[in-house]
Amino acid sequence: MDTVYLDNAATTPLRREAEAAMRRYCSDVFGNADSRHAYGRAAAAALASARADIARCFGAAPEEIYFTSGGTESDNWALKGAALAHGRGRVVISAVEHPAVYESARQLERLGFGLTVLPVDGEGFVSADDLAAVMDGDVFLVSVMSANNETGSIQPVRELAEIAHGFGALFHTDAVQTAGALPVSVKEIGADMLSLSAHKFGGPKGFGALYVKNGVRLEPLHSGGEQERGRRGGTSDVAGAAGTAAALTAACAEMAAKSAEIRALKDGFAARVLEGIPGAGLHGTLDAARSLPGIVNFGFDGITGEELLFSLDLEGVCASNGSACSAGSSAPSRTLLAMGLTAAEARGAVRFSFGRTNTADDAAAAFAALERTVARLRSR
Ligand code: PLP
């Protein structure tokens, strides 16, 4: 397609390595991994090998990786599975969590669990002091994302995990946007549970994993067969696992070079926007230590995000208003409101997310289209 794709936070193109791996387990080696015959054994071997490869990328043990249908299921499972295992108590999340965490926590609240939502500052960061101030022995789970899907802001998850543990609570982090983009180590973070999603790093859509540290009490959400060590029933998606492992292995191998390249593209683009387009404002930060390489979020005075995205699409530039999951809704972003933006400012936000296939030409074409579009919309 003759378009510039700057929506890599929504999803990424499938990597060739992933496609090749999946094709093999969709055709020649199609067996059910639970079957005892040769086809089943080949599938089971592929599943085990994918699990080991994925575990290695996060410094986990293979038996701590549970395959799921994606980030949404992993998040739901972490919150609801921990709640079912504990039976009562309180959950703490941040105000900028993805709906998969936020709505799971709200559902638990409706079922009688306590819920505390931590505020964020103007750049979208949770403070460790704020977490410490709301903790007590009643909290069984703290869930704060590793990095935000709308602004790219990276949370101080290691500090937050330490505080949670100090009060005997579990710590879960949604690392869907971080996995494959930056190094993620479950041990360094001190995570008890960590969610990931394959399609954000060049793997297949509809596949993900939940890391569950050995010994963590977690009830299943999918009751059924003995798959995933009895914790998630359902015939295993061997092709999904193989594609995810291939994509993640490729992403990890090129991570250092790619993340620097992607950040340079984004920073160059952001500098041109902020200097060259009057009334452009940044939501979040460009600080390399505290932001994802590829995501940047802007507002443009007097223009709504919806009209800007529509016009950019006509110009061949694919961007987003922040969350593909809420794209059908005209409600302002909960994340941006939590950062202190007015509803009008939040409705004006546009997210550009760079990825591994983007080039300097893409950034230049996107800037030229954006400059033209903003000027045209303002001259109406
Ligand atoms: N968590 C975050 C931070 C995300 O960005 C997304 C997807 O946009 C999800 C969870 C959901 O992942 P999936 O699309 O695999 O359900």
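Cut-off values and rules
Residues numbered from 1 in each chain as written. Predicted model: local features only at pLDDT ≥ 70, side-chain atom pairs only at ≥ 80, totals over all residues. Heavy atoms only, no water. Helix = DSSP H or I, 4+ residues; strand = E, 2+ residues; numbered from the N terminus. Rg over C-alpha atoms; globule rule 2.2 N^0.38 Å. Contact = heavy atoms within 4.5 Å. Areas by Shrake-Rupley, 256 points an atom, 1.4 Å probe, with all protein chains shown as cover. Pairing = 2+ DSSP bridges. Right-handed = clockwise from strand over helix to strand, strands pointing away. Core = buried A, V, L, I, M, F, W, Y, C linked by side-chain atoms within 4.5 Å. Buried < 20%, exposed > 50% of the residue type's maximum accessible area, 1.4 Å probe, protein only. Axes fitted to C-alpha atoms, helices over the stretch in contact; angles between N-to-C directions. Near = heavy atom within 4 Å. Polar contact = N/O pair within 3.5 Å; in protein donor to acceptor, adjacent residues only side chain to side chain. Patch = residues over 30% accessible without salt bridge, like charges linked within 9 Å, V, L, I, M, F, W, Y side chains within 5 Å. Salt bridge = Lys/Arg side-chain N within 4 Å of Asp/Glu carboxyl O. Lys, Arg positive; Asp, Glu negative; His and termini not counted. Charge placed at Lys NZ, Arg CZ, Asp CG, Glu CD. Expected span 1.5 Å × (residues − 1). Parallel < 35°, antiparallel > 145°, perpendicular 65-115°, else oblique. Left-handed = near helix turned anticlockwise from the far one by under 90°. Nonpolar A, V, L, I, M, F, W, Y, C, P; charged D, E, K, R; others polar.

Chemist: If you had to explain the overall build of the chain to someone new, which residues and values would you point to?
Modeler: When you go through the chain residue by residue, the secondary structure sums to 14 helices and twelve strands. By the compact-globule yardstick of 21 Å for 380 residues, the chain fits well, its C-alpha radius of gyration being 21 Å. With the principal axes as the frame, the chain shows a C-alpha extent of 70 × 50 × 35 Å. Counted over contacts in the chain with a minimum sequence separation of 6, partners at least 24 positions apart contribute 73%. Carbon and sulfur atoms make up 53% of the accessible area of the chain, which totals about 15500 Å².

Chemist: An account of the pairing of strand 4 (residues 114-118) is needed here, citing residue identities and associated values.
Modeler: The pairing of strand 3 (residues 90-94) with strand 4 spans five bridges and is parallel. Across the sheet, residue V91 finds its bridge partner in strand 4, namely L115. Following the backbone out of strand 3, through helix 4 (residues 99-110) and into the adjacent parallel strand 4, one traces a crossover that is right-handed.

Chemist: Account for the nonpolar core, with residues named and values stated.
Modeler: Note on soluble globular proteins: their nonpolar side chains tend to be buried together. Core analysis: the biggest nonpolar cluster contains 62 residues, and F67, V142 and F171 have the highest contact counts within it. Residues within four places of F67 in sequence aside, it is in contact with L47, A50, R51, I54, F207, G208, A209, E228, R232 and A241. Ranked by size, the runner-up nonpolar core spans 28 residues in total, among them V296, L308, F352 and V374.

Chemist: I'd like a description of the sheet that holds strand 5 (residues 139-143), backed by residues and values.
Modeler: Taking strand neighbours across the sheet as the criterion, the seven strands line up as 2-8-7-6-5-3-4 in an open arrangement whose pairing is mixed. The sheet is open, and its two edges are formed by strand 2 (65-68) and strand 4, each paired on a single side. Between one strand axis and the next, the sheet turns through 20° on average, direction left out of account. Bridge count between strand 3 and strand 5: four bridges; the pairing is parallel.

Chemist: How would you sum up the site of the ligand? Please name residues and give values.
Modeler: Neighbouring the ligand are 13 residues; G71, T72, D174, S197 and K200 lie closest to it. At 2.9 Å, a side-chain N or O of H199 approaches an oxygen atom of the ligand. Here the ligand has 390 Å² of accessible area as a free molecule, and 88% of this is covered by the chains. It is helix 3 (residues 71-86) that contributes the most residues to the shell around the ligand, three residues altogether.

Chemist: Tell me about the pairing of strand 6 (residues 170-174), residues and numbers included.
Modeler: Of all five residues in strand 6, five are buried; the element is thus mostly enclosed. With burial as the criterion, each face of strand 6 is covered, one bearing L170, H172 and D174 and the other bearing F171 and T173. Note that strand 6 and strand 7 (residues 193-197) share three bridges and pair parallel. Of the residues in strand 7, the one forming a bridge with D174 is S195.

Chemist: Which residues make up a negative patch on the surface, and what are the values?
Modeler: On the surface, a cluster of negative charge is made up of D129, D130, E159 and E162. Of all the secondary structure elements, the ones that give two or more residues to the negative patch are helix 5 (128-134) and helix 6 (157-166). With respect to the secondary-structure elements, E159 resides in helix 6. A relative accessible area of 46% places E159 in the partly exposed class.

Chemist: Please set out unusual backbone geometry residue by residue, giving values where relevant.
Modeler: Notably, E228 is not glycine yet its phi reads approximately 50°, a positive angle. Mapped onto the secondary structure, E228 falls in helix 8 (residues 227-230). Residue E228 is classed as buried on the basis of its relative accessible area of 7%. Notably, R229 is not glycine yet its phi reads approximately 50°, a positive angle.

Chemist: Pulling in residues and values, what's your account of helix 3?
Modeler: When the terminal C-alpha atoms of helix 3 are compared, their 22 Å separation across 16 residues agrees well with the 22 Å that a helix rising 1.5 Å per residue should span. In terms of burial, helix 3 is a largely internal element, 13 of the 16 residues being buried. In the stretch just after helix 3, G87 is the one whose phi turns positive, near 80°.

Chemist: Tell me about the packing of helix 11 (residues 305-314) against helix 14 (residues 360-378), and name the residues and values.
Modeler: Two numbers describe how helix 11 lies on helix 14: the axes approach to 10 Å, and their chain directions differ by 125°. In terms of orientation, helix 11 lies oblique with respect to helix 14. Along this stretch, helix 11 crosses helix 14, giving a crossing that reads as right-handed. Of helix 14, the residues touching helix 11 (which contributes E307, L308, S311 and L312) are A369, L370, T373, V374, R376 and L377. Grouping the constituent residues of the contact of helix 11 with helix 14 by class yields six nonpolar, two polar and two charged.

Chemist: Give me the lowdown on the sheet that holds strand 9 (residues 280-282), citing residues and values where you can.
Modeler: Ordered in space as 9-10-12, the three strands form an open sheet in which the pairing is antiparallel. Two strands close off the open sheet at either side, each with one partner strand: strand 9 and strand 12 (349-353). On average, adjacent strands in this sheet sit at an angle of 35° to one another, irrespective of strand direction. Summarising the sheet, strand 9 and strand 10 (residues 295-300) pair through three bridges and their orientation is antiparallel.

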